[in-house]
Amino acid sequence: MTTEQDQIPAPDSPAPDSSAPDRPVPDSPASPGPVATSSRPAWVTDELITQWCAWVRRRDASRRGPDRAEPVTAVAPFDLAPIAAVPACAPEDVTAAVAGARADQPEWAGTPLRRRRDVLLAFHDLLLERQDQVIDLIQWETGKARYHAWQEVAQVAAIARHYARRARHYLAPHHVRGMVPGLTKVKEVRVPKGVVGVISPWNYPLYLGVGDVLPALMAGNAVVSKADSQTALTMLWTRALMAEAGLPTGLWQIVAGLGAEVGTALVDAVDFVCFTGSTATGRTVAERAARRLVGASLELGGKNPLIVREDADVAAAAAGTVVAAFANTGQMCIHIERVYVHEKVYDAFRAELVRATRALRLGQSYDYSVDIGSLTSAAQLAAVEAHVDGAVAQGATVLAGGRARPDIGPLFYEPTVLEGVTPGMAVCDEETFGPVLSLYAYGADSEAVGLANQGSYGLAASIWSKDSREAGRMAVRIRAGSVNINDGAAAAAGSVEAGMGGMGESGLGRRHGAEGILKYTESQTIATQRLLPLGPPKPGQSAVERFVRRTNGQLALLRRLGLR
């Protein structure tokens with residue numbers, strides 16, 4: 001997936017070209033009205049922004065040199081107006097934040113699990129109570145439709161509740177048989193890593209920015225998060241809410257600023273890294289962590305396939321494809337970009353898909369009146385246009401969408417369906433991370449599986465079929481961390497008891513489920529020996545020989561008894 005433009009390392013952003021192409025375009029989604037005059041939510045005051053920004057960890061200004069970093073100011077996707085000047089950190093601020101978190105972490109690790117649980121449950125309740133505030137902030141910073149912003153609230157609430165209730169089970173000591181049954185008592189316990197660094201992107205600032213923090217805290221760690229420069233206010237608002245829920249001040253530190261500096265310094269200082277972003281940046285993070293022998297969990301890019309089998313309910317499959325491809329304007333790591341349709345239902349599916357795509361309502365609104373919002377940055381708009389225009393220039397056909405909509409907002413782009421995409425086109429091989437999908441026909445299930453497995457990614461996939469058993473047999477042959485049957489993406493992602501992550505170049509590790517909290521811990525074995533030592537009772541050749549004979553006999557007895 002594409003991350004903020006200043007992650008590790010910081011690529012240059014191409015200049016946008018939001019002009020409509022000259023080619024004719026099929027019927028376009030309707031605009032609900034004119035562009036809003038100001039996208040800033042009315043309740044967000046300068047005083048509130050100042051309070052939230054106080055959560056950014058920086059040393060006292062009097063101790064900082066003249067070269068201190070300038071504040072970072074994002075622009076609102078709806079109108080390109082400045083959002084807020086968020087204080088930027090220097091590498092020494094990151095060092096101080098990690099040191100502060102490390103000093104407070106042991107006391108938190110010794111806090112009873114029920115106390116940590118109470119903090120997460122209090123946060124859960126406060127989040128639901130004040131969800132309209134954070135939904136407004138998410139929309140202001142990302143430009144997404146309100147329903148897609150609400151989905152982040154629902155997911156984070158589910159994660160908080162899940163780990164509050166299930167952490168005791170996941171983290172419970174595990175007793176195992178010792179070397180000598182009856183004489184050796186052994187248990188495995190889970191101890192926190194220490195300080196966890198979380199680097200999250202802009203596309204889901206609450207879900208990805210906070211959802212990974214909660215299990216790390218529940219496991220007894222302290223956390224230092226790098227707030228994405230585009231969506232810092234969402235994280236800072238949430239940090240203030242966590243303080244109200246009872247989380248001690250030093251346990252979740254926030255740093256902000258350029259990824260090449262702040263993100264790098266964070267990776268170089270923490271005990272474990274949780275990163276969500278592009279595959280290229282993920283490699284850099286993994287390499288830096290590996291040099292320190294520090295673990296890393298990485299959810300990276302995807303070019304996710306969806307298969308429509310011959311027996312699928314075509315209308316349901318088309319509706320599900322539209323949701324999976326265009327949710328959050330396609331800026332979702334698990335969204336669908338490739339659709340493979342059995343040749344016998346291809347025409348019917350194509351017609352239904354185009355109809356459903358054209359029916360989507362584009363717009364910018366702080367209510368639920370629109371289906372699809374804006375792209376978040378000029379760089380994303382430029383990338384989408386380059387993929388679509390490049391494909392059309394090489395012979396692809398636009399079935400729906402295919403153009404920017406500056407009449408709605410500066411970064412709007414219509415949900416787009418392409419046909420005739422061939423290998424070698426950028427949109428065929430590379431992650432678009434925008435509201436674009438390509439349609440292909442296939443003849444046999446084995447061919448569909450092979451097509452789905454093309455490329456180096458392996459994040460998510462979808463299969464639509466009335467025969468769920470046969471779809472399940474296909475699913476295990478697809479290289480993907482999650483496969484949804486008769487759903488586009490939400491069923492697996494929303495099942496927080498099951499792991500979520502990628503294969504191949506889509507990443508390492510999992511969020512959610514047992515691994516989503518255990519990855520923030522170390523396994524420690526505690527063995528207690530009773531009565532007899534595990535060795536000869538005294539030195540000397542004869543004593544050692546007797547011990548060896550006796551132990552060999554015990555091993556043979558254990559074999560006859562069928563033990564181990």
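Residues numbered from 1 in each chain as written. Predicted model: local features only at pLDDT ≥ 70, side-chain atom pairs only at ≥ 80, totals over all residues. Heavy atoms only, no water.

On to the overall build of the protein. A count of helices and strands for the protein gives 19 helices and 18 strands. Taking 564 residues into account, the globule formula puts the C-alpha radius of gyration at 24 Å, and the protein, at 26 Å, falls close to it. Taken along the three principal axes of its C-alpha coordinates, the protein extends 95 × 65 × 40 Å. Relative to its full complement of 564 residues, the protein shows a buried share of 54%. Of all intrachain contacts in the protein linking residues separated by at least 6 positions in sequence, the fraction that spans at least 24 positions is 76%. If you sum the accessible surface of the protein, you get close to 22,800 Å²; carbon and sulfur atoms cover 54% of it. Across the protein, 57 positive and 59 negative side-chain charges occur, with their mean positions spaced 15 Å apart. (Helix = DSSP H or I, 4+ residues; strand = E, 2+ residues; numbered from the N terminus. Rg over C-alpha atoms; globule rule 2.2 N^0.38 Å. Buried < 20%, exposed > 50% of the residue type's maximum accessible area, 1.4 Å probe, protein only. Contact = heavy atoms within 4.5 Å. Areas by Shrake-Rupley, 256 points an atom, 1.4 Å probe, with all protein chains shown as cover. Lys, Arg positive; Asp, Glu negative; His and termini not counted. Charge placed at Lys NZ, Arg CZ, Asp CG, Glu CD.)

This part covers the packing of aromatic side chains. Tallied over the full model, the rule gives nine aromatic pairs. Ring geometry for W43 and W52: centres 6.0 Å apart, planes at 70°, overall edge-to-face. Note on W43: relative accessible area 27%, which makes it partly exposed. You can call W52 buried: its relative accessible area is 6%. With a centroid separation of 6.2 Å and 55° between ring planes, the pair formed by Y163 and Y170 is classed as tilted. When sorted by exposure, Y163 lands in the same class as Y170, which is buried. Three or more aromatic residues joined by ring pairs make a cluster, and in this case those are F78, Y366 and F412. (Phe/Tyr/Trp six-rings, centres within 6.5 Å; stacked < 30°, edge-to-face > 60°.)

Scanning all chains against the criterion turns up 25 salt bridges. Note that R288 is salt-bridged to D268, the shortest N-O span being 2.6 Å. With R288 in helix 10 (residues 279-291) and D268 in the loop between helix 9 (259-267) and strand 8 (272-276), this pair connects stretches of sequence that are 20 residues apart. The class for R288 is partly exposed, based on a relative accessible area of 24%. Classification of D268 by relative accessible area gives partly exposed; the value is 32%. (Salt bridge = Lys/Arg side-chain N within 4 Å of Asp/Glu carboxyl O.)

Next up on the list: the side chain of Q253. Relative to the helices and strands, Q253 is located in strand 7 (residues 252-256). Separated by 3.2 Å, the side chains of Q253 and R57 make a polar contact. A polar atom in the side chain of Q253 sits 3.3 Å from the backbone oxygen of G250. (Polar contact = N/O pair within 3.5 Å; in protein donor to acceptor, adjacent residues only side chain to side chain.)

Here we come to the sheet that holds strand 3 (residues 174-177). With antiparallel pairing, the three strands of this open sheet are ordered in space as 3-4-18. Taken across any chain shown, the strands that pair with only one partner, and hence form the sheet edges, are strand 3 and strand 18 (521-529). Across this sheet, the average inter-strand angle for adjacent strands is 25°, counted without regard to direction. Sheet analysis places strand 3 next to strand 4 (residues 184-192), joined by four bridges and oriented antiparallel. Note on strand 4: the bridge partner recorded for V176 is V186. (Pairing = 2+ DSSP bridges. Axes fitted to C-alpha atoms, helices over the stretch in contact; angles between N-to-C directions.)

Moving on, we come to helix 15 (residues 445-452). Among the residues of helix 15, D445, A448, V449, L451 and A452 are the ones counted as buried. Projected onto a plane normal to the axis of helix 15, the buried residues spread over an arc of 165° and lie on a single side. Lining the buried residues of helix 15 we find strand 10 (304-308), strand 11 (336-342), strand 14 (436-442) and helix 16 (468-475). (Arc of directions from axis to C-beta.)

This part covers the sheet that holds strand 7. One open sheet holds the six strands; their spatial order is 7-6-5-8-9-17, and the pairing between them is mixed. On the outer flanks of this sheet lie strand 7 and strand 17 (507-508), each paired with one strand and no other. Note: strand 9 (residues 295-299) against strand 17, two bridges, orientation antiparallel. Directly across from L298, in strand 17, lies its bridge partner L508. Contacting strand 6 (222-227) and strand 7, helix 8 (residues 232-244) runs over the sheet at an angle of about 160° to strand 7.

To continue, consider helix 10. Taking 1.5 Å per residue as the helical rise, helix 10 with its 13 residues ought to reach 18 Å, and the 18 Å between its terminal C-alpha atoms agrees with that figure. Inspection of helix 10 places T279, T281, G282, V285 and A289 among the buried residues, and these make up the whole buried set. Angularly, the buried residues of helix 10 cover 150° about the axis, an arc narrow enough to put them on a single face. Residues A280 and R291 are exposed on helix 10 and point more than 90 degrees away from its buried face. Of the surrounding secondary structure, the elements contacted by the buried residues of helix 10 are helix 9, strand 8 and strand 9. Backbone geometry just after helix 10 places L293 at a positive phi near 60°. (Expected span 1.5 Å × (residues − 1).)

Moving on to the state of the cysteines. Going through the model one piece at a time under the given rule, you end up with zero disulfides. C53 supplies the cysteine sulfur nearest to C89, a cysteine that is in no disulfide, at a spacing of 11 Å. (Disulfide = S-S within 2.5 Å.)

Counting through the fold element by element, R102 comes out in helix 2 (residues 91-109). The sequence separation of R102 and A222 amounts to 120 residues, and the corresponding C-alpha distance is 6.8 Å. Ignoring sequence-local partners within four residues, the contact set of R102 consists of V195, A269, V270 and D271.

Attention now goes to the layout of surface pockets. Reported here for the largest pocket is a volume of approximately 720 Å³. Together, 33 residues line the largest pocket, and Q151, V323, A327, M332 and A490 are the ones closest to its centre. Looking at the lining of the largest pocket, the elements that each hand over two or more residues are helix 5 (146-171), helix 6 (207-210), helix 11 (314-326) and helix 17 (490-494). Here the element with the most residues in the lining of the largest pocket is helix 5; it accounts for six residues. (1 Å grid on protein atoms, 1.4 Å probe; cavity = no way out; pocket = protein on both sides within 12 Å on 5 of 7 lines; lining within 4 Å. Points joined across faces, edges and corners; volume = space filled by probe spheres on them.)

To continue, consider the confidence of the model for the protein. Close inspection of predicted coordinates is inappropriate in any region flagged by low pLDDT. Looking at the protein as a whole, the pLDDT averages 92, with 92% of positions reaching at least 70. Below pLDDT 50 for its whole length, residues 1-26 participates in 85 contacts with residues either more than four positions away or in separate chains. Per-residue pLDDT stays below 50 along residues 31-36; that stretch engages in 14 contacts with residues further than four places along the chain or on separate chains. (pLDDT = per-residue confidence, 0-100.)

Here we come to empty space enclosed by the protein. If you roll a probe as big as a water molecule over the atoms, it shows you where there is empty space left. Enumeration according to the criterion identifies three cavities of 30 Å³ or more in this entry. Computed from the structure, the largest cavity encloses a volume of approximately 60 Å³. Taken together, C274, F275, S297, L298, E299, M500, G501, L508, G509, R510, R511 and K519 make up the lining of the largest cavity. Taken together, the elements giving at least two residues each to the lining of the largest cavity come down to strand 8 and strand 9. The greatest single-element share of the lining of the largest cavity, amounting to three residues, is contributed by strand 9. Of the residues that constitute the lining of the largest cavity, the class distribution is five nonpolar, three polar and four charged. (Nonpolar A, V, L, I, M, F, W, Y, C, P; charged D, E, K, R; others polar.)

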